[in-house]
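# Architecture at a glance
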Amino acid sequence: GSYRVTQDDIDRGVTIVNTVSVSFEQSGVQNAVANTAVIRAPSFTVSKTADRSTATEAGQAIGYSIGIRNNGNTRLRGLRVDDFLIDTGVNNLVC
């Protein structure tokens, strides 16, 4: 038989332990265990772009886009984005 690894298994990162018990009427129980290591590989990339490459006068607004991509095999939690140029309380940093 087979067991299909779940995303929760990957996120926990603990060994998958599979135990089988076999018995017959004429004998006692025997157990066998197979362990499979689960390797977590959290990884992400971040990119940032501006909607203009030059500024020519005071008062021009520069729009920024931030891209975050999960490249790993683990669900990432607890996102925090700090951008001190645009997140001043006056401007809106939207995630």
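Please refer to the structure higher up on the page.
As the structure is a prediction and not an experimental result, all values here were calculated from the model. (Residues numbered from 1 in each chain as written. Predicted model: local features only at pLDDT ≥ 70, side-chain atom pairs only at ≥ 80, totals over all residues. Heavy atoms only, no water.)

## Digging into the overall build of the protein
Using the following cut-off: Starting at the N terminus, helices and strands are each numbered in turn, a helix being any DSSP run of H or I of at least four residues and a strand any DSSP run of E of at least two. Radius of gyration: C-alpha atoms only; globule rule: 2.2 Å multiplied by the number of residues to the exponent 0.38. Classification of residues uses two cut-offs on accessible area relative to the type maximum, computed with a 1.4 Å probe and protein chains only: under 20% is buried, over 50% is exposed, and between them is partly exposed. Throughout, a contact is declared for two residues whenever any of their heavy atoms are within 4.5 Å. All accessible-area figures derive from a Shrake-Rupley calculation using a 1.4 Å probe, and residue coverage is judged against the displayed protein chains alone. In this tally Asp and Glu are treated as negative and Lys and Arg as positive; neither His nor the chain ends contributes. Where a charge lies is defined by one atom per residue type: Lys uses NZ, Arg uses CZ, Asp uses CG and Glu uses CD.
The helix and strand tally for the protein stands at one helix and four strands. Counting from the amino terminus, helix and strand elements in the protein follow one another as α-β-β-β-β. Taking 95 residues into account, the globule formula puts the C-alpha radius of gyration at 12 Å, and the protein, at 26 Å, lies well above it. A principal-axis box enclosing the C-alpha atoms of the protein has dimensions of 90 × 25 × 15 Å. When burial is assessed residue by residue, the protein has 9% of its 95 residues classed as buried. Considering only intrachain contacts with a sequence separation of at least 6, the fraction spanning at least 24 residues in the protein is 38%. With an accessible surface of roughly 8200 Å², the protein has 50% of that area assigned to carbon and sulfur atoms. Within the protein, the 9 negative side-chain charges are centred at a point lying 3 Å from the centre of the 9 positive side-chain charges.

## With respect to a nonpolar patch on the surface
Inclusion rule: Nonpolar side chains (Val, Leu, Ile, Met, Phe, Trp, Tyr) within 5 Å and like charges within 9 Å form the patches, drawn only from residues with over 30% relative accessible area and no salt bridge. A carboxyl oxygen of Asp or Glu within 4 Å of a side-chain nitrogen of Lys or Arg is what we treat as a salt bridge.
Residues Phe44, Val46, Ile66, Ile68, Leu76 and Leu79 make up a contiguous nonpolar surface patch of about 590 Å² in total accessible area. For the nonpolar patch, the secondary-structure elements that each account for two or more residues are strand 3 (44–50) and strand 4 (64–70). By secondary structure assignment, the location of Leu76 is in the segment after strand 4.

## A short note on the pattern of salt bridges
A complete count under the given rule lists five salt bridges for this structure. For the salt bridge of Arg12 with Asp9, the shortest nitrogen-to-oxygen distance reads 2.9 Å. Of this pair, Arg12 and Asp9 both sit in helix 1 (residues 7–12), three residues apart, which is roughly one turn of the helix. Given the relative accessible area of 6%, Asp9 is considered buried. Between Asp82 and Arg80 there is a salt bridge, with its nearest N and O atoms 2.8 Å apart. Judged by relative accessible area, which is 67%, Arg80 ranks as exposed. Here the salt bridges share partners, and the residues they tie into one network are Asp8, Asp11 and Arg75.

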